[in-house]
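# Structural overview for review
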Amino acid sequence: QVQLVESGGGLVQPGGSLRLSCAASGNIFSGNVMGWYRQAPGKQRELVATITSGGRTNYADSVKGRFTISRDNAKNTVYLQMNSLKPEDTAVYYCTADQIGTRYWGQGTQATVSS
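These notes cover the structure that comes with them. (Residues numbered from 1 in each chain as written. Predicted model: local features only at pLDDT ≥ 70, side-chain atom pairs only at ≥ 80, totals over all residues. Heavy atoms only, no water.)

### Digging into the pattern of salt bridges
For the structure shown, the criterion picks out five salt bridges. Between Arg 38 and Asp 89 there is a salt bridge, and its shortest N-O distance comes to 2.9 Å. Pair noted here: Arg 38 is in strand 4 (residues 33-39) and Asp 89 is in the loop between strand 8 (77-82) and strand 9 (91-99), with a separation of 51 residues, a long-range link. Neither residue differs from the other here; Arg 38 and Asp 89 are each classed as buried. A salt bridge links Asp 61 to Lys 64, with the nearest nitrogen and oxygen atoms 3.1 Å apart. (Salt bridge = Lys/Arg side-chain N within 4 Å of Asp/Glu carboxyl O. Helix = DSSP H or I, 4+ residues; strand = E, 2+ residues; numbered from the N terminus. Buried < 20%, exposed > 50% of the residue type's maximum accessible area, 1.4 Å probe, protein only.)

### A short note on the state of the cysteines
Within the structure shown, the criterion is met by one disulfide. For Cys 22, the disulfide goes to Cys 95, at an S-S distance of 2.1 Å. Every disulfide takes its handedness from the sign of the S-S torsion; for Cys 22 and Cys 95 that torsion is -80 degrees, giving left-handed. Here Cys 95 lies in strand 9 and Cys 22 lies in strand 3 (residues 18-26), a separation of 73 residues in the sequence. (Disulfide = S-S within 2.5 Å.)

### Describing the nonpolar core
Ranked by size, the top nonpolar core spans 29 residues in total, and within it Leu 4, Met 34, Trp 36, Leu 80, Met 82 and Tyr 93 carry the most contacts. Among the elements of the structure, strand 1 (2-7), strand 3, strand 4, strand 5 (46-51), strand 7 (67-72), strand 8, strand 9 and strand 11 (109-113) are those that each provide at least two residues to this core. Apart from residues no more than four positions distant in its own chain, Leu 4 is found in contact with Cys 22, Ala 23, Ala 24, Met 34, Cys 95, Thr 96, Ala 97, Tyr 104, Trp 105, Gly 106 and Gln 107. (Core = buried A, V, L, I, M, F, W, Y, C linked by side-chain atoms within 4.5 Å. Contact = heavy atoms within 4.5 Å.)

### Here's the deal with the packing of aromatic side chains
Applying the stated criterion across every chain yields a total of two aromatic pairs. Where Tyr 94 meets Trp 105, the ring centres are 6.2 Å apart and the plane angle is 80 degrees; that geometry is what we call edge-to-face. One end of the pair, Tyr 94, is in strand 9; the other, Trp 105, is in strand 10 (residues 102-105), with 11 residues separating them in the sequence. Here a set of aromatic residues connected by ring pairs shows up, and it is made of Tyr 37, Tyr 94 and Trp 105. Sitting over the ring of Tyr 79, Arg 19 keeps its end group 4.1 Å from the ring centre. (Phe/Tyr/Trp six-rings, centres within 6.5 Å; stacked < 30°, edge-to-face > 60°. Lys NZ or Arg CZ within 6 Å of the ring centre and 35° of its normal.)

This is the structure in structure tokens:
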């Protein structure tokens with residue numbers, strides 16, 4: 001089993017920044033892929049970004065150039081730096097870890113962009 005705990009959400013004004021963190025514990029596989037998904041009210045959950053253990057990244061078009069995913073393999077932690085935030089970025093953000101055919105999910109952290 002893998003446990004994922006997100007932190008760093010909150011309320012920010014449009015144009016502001018937030019940094020989300022996700023700490024993984026349990027049976028961590030060094031070659032896993034970690035990522036962030038989000039779900040806005042009334043919408044389906046969607047991919048935000050992923051990162052492999054080697055640092056290869058993938059982003060949704062809607063966040064390219066504004067969000068940066070990174071990871072610290074020694075700390076089993078993944079980050080999501082979110083800049084130039086827009087009201088449409090408001091959502092619950094979920095951390096994921098894909099390993100050995102299983103996707104693990106965190107409980108989510110709320111990010112609200114509003115003036």
